[in-house]
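Single-letter residue listing:
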Amino acid sequence: QVQLVESGGDLVQPGGSLRLACVASGFNFDDWAMSWYYQAPGKERRWIAGITMSGWRTRYAQSVEGRFTISRDNAKFTLYLEMNSLKPEDTGVYYCNANEGWTTDVPRFSWGQGTRVTVSS
């Protein structure tokens, strides 16, 4: 069965950095584009970053462009999100999922538990 296990969330001060990880299993990881999603408290989950199957191309929501970097290590079945210049508005739960193609942000599999990020002084 498909498993998506996010980790790396923590309490950080504004301007700080974090590196999130998503370990995937139960599907051919390198056959799928992958994305990170963000859910602010009391709001809908939304797409923020995507990466191609090979990891050679990336794209971002405007809210994180220039601050976050998505990457993947297919040999380790792991997706990463480097988060820099964190703001209080980045507080929330971060999830990963697969996408059927580069042109869609629709998640393919069941959600994991996510990892919580709190940005506060």
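See the structure above.
Below or above, wherever it landed, is the structure these notes cover. Note that the structure is a prediction, hence the values are computed from the model and not measured.

What counts, and at which threshold
Residues numbered from 1 in each chain as written. Predicted model: local features only at pLDDT ≥ 70, side-chain atom pairs only at ≥ 80, totals over all residues. Heavy atoms only, no water. Helix = DSSP H or I, 4+ residues; strand = E, 2+ residues; numbered from the N terminus. Rg over C-alpha atoms; globule rule 2.2 N^0.38 Å. Buried < 20%, exposed > 50% of the residue type's maximum accessible area, 1.4 Å probe, protein only. Contact = heavy atoms within 4.5 Å. Areas by Shrake-Rupley, 256 points an atom, 1.4 Å probe, with all protein chains shown as cover. Lys, Arg positive; Asp, Glu negative; His and termini not counted. Charge placed at Lys NZ, Arg CZ, Asp CG, Glu CD. Disulfide = S-S within 2.5 Å. Pairing = 2+ DSSP bridges. Phe/Tyr/Trp six-rings, centres within 6.5 Å; stacked < 30°, edge-to-face > 60°. Lys NZ or Arg CZ within 6 Å of the ring centre and 35° of its normal.

A word on the overall build of the protein
1) Next: Of the regular secondary structure elements, the protein holds zero helices and ten strands.
2) Next: Along the chain direction, N to C, the helices and strands of the protein fall in the order β-β-β-β-β-β-β-β-β-β.
3) Next: Radius of gyration (C-alpha) of the protein: 13 Å, near the 14 Å computed for a compact globule of 121 residues.
4) Next: For the protein, the spread of C-alpha atoms along the three principal axes comes to 40 × 25 × 25 Å.
5) Next: Looking at the 121 residues of the protein, the share that counts as buried comes to 45%.
6) Next: Restricting to contacts in the protein with at least 6 residues of sequence separation, those with at least 24 account for 54%.
7) Next: Split by element, the accessible area of the protein, about 6500 Å² in all, is 46% carbon and sulfur.
8) Next: Put simply, the protein has 12 plus and 12 minus side-chain charges, and the middle of one group is 2 Å from the middle of the other.

Observations regarding the state of the cysteines
What we call a disulfide is simply a covalent bond connecting the sulfur atoms of a pair of cysteines.
1) Next: Under the counting rule described, the total for this entry stands at one disulfide.
2) Next: Residue cysteine 22 pairs covalently with cysteine 96 via a disulfide, S to S 1.9 Å. The chirality of the disulfide connecting cysteine 22 with cysteine 96 is right-handed, given an S-S dihedral of about 60°. Here the residue cysteine 22 occupies a position in strand β3 (residues 18-25), and cysteine 96 occupies one in strand β9 (residues 92-99), the gap between them amounting to 74 residues. The same class applies to cysteine 22 as to cysteine 96, namely buried.

As for the sheet that holds strand β2 (residues 11-12)
1) Next: With respect to topology, six strands assemble into an open sheet ordered β2-β10-β9-β4-β5-β6, the strand pairing being mixed. Edge positions in the sheet fall to β2 and β6 (58-60), since each has one partner strand and no second.
2) Next: Pairing of strand β5 (residues 46-51) with β6 involves three bridges; the strand directions are antiparallel. When the bridges of β6 are listed, alanine 49 appears paired with tyrosine 60.

Things to note about the packing of aromatic side chains
1) Next: Counted by the stated rule, this structure contains seven aromatic pairs.
2) Next: With a centroid separation of 6.4 Å and 90° between ring planes, the pair formed by phenylalanine 27 and tryptophan 32 is classed as edge-to-face. The same class applies to phenylalanine 27 and to tryptophan 32, which are both buried.
3) Next: Grouped by ring-pair contacts, the aromatic residues Phe27, Phe29, Trp32 and Phe109 constitute a single cluster.
4) Next: Its end group placed over the ring of tyrosine 95, arginine 45 keeps NZ or CZ at 4.1 Å from the ring centre.
5) Next: Directly above the ring of tryptophan 111 sits arginine 45, whose terminal nitrogen or CZ lies 4.0 Å from the centroid.

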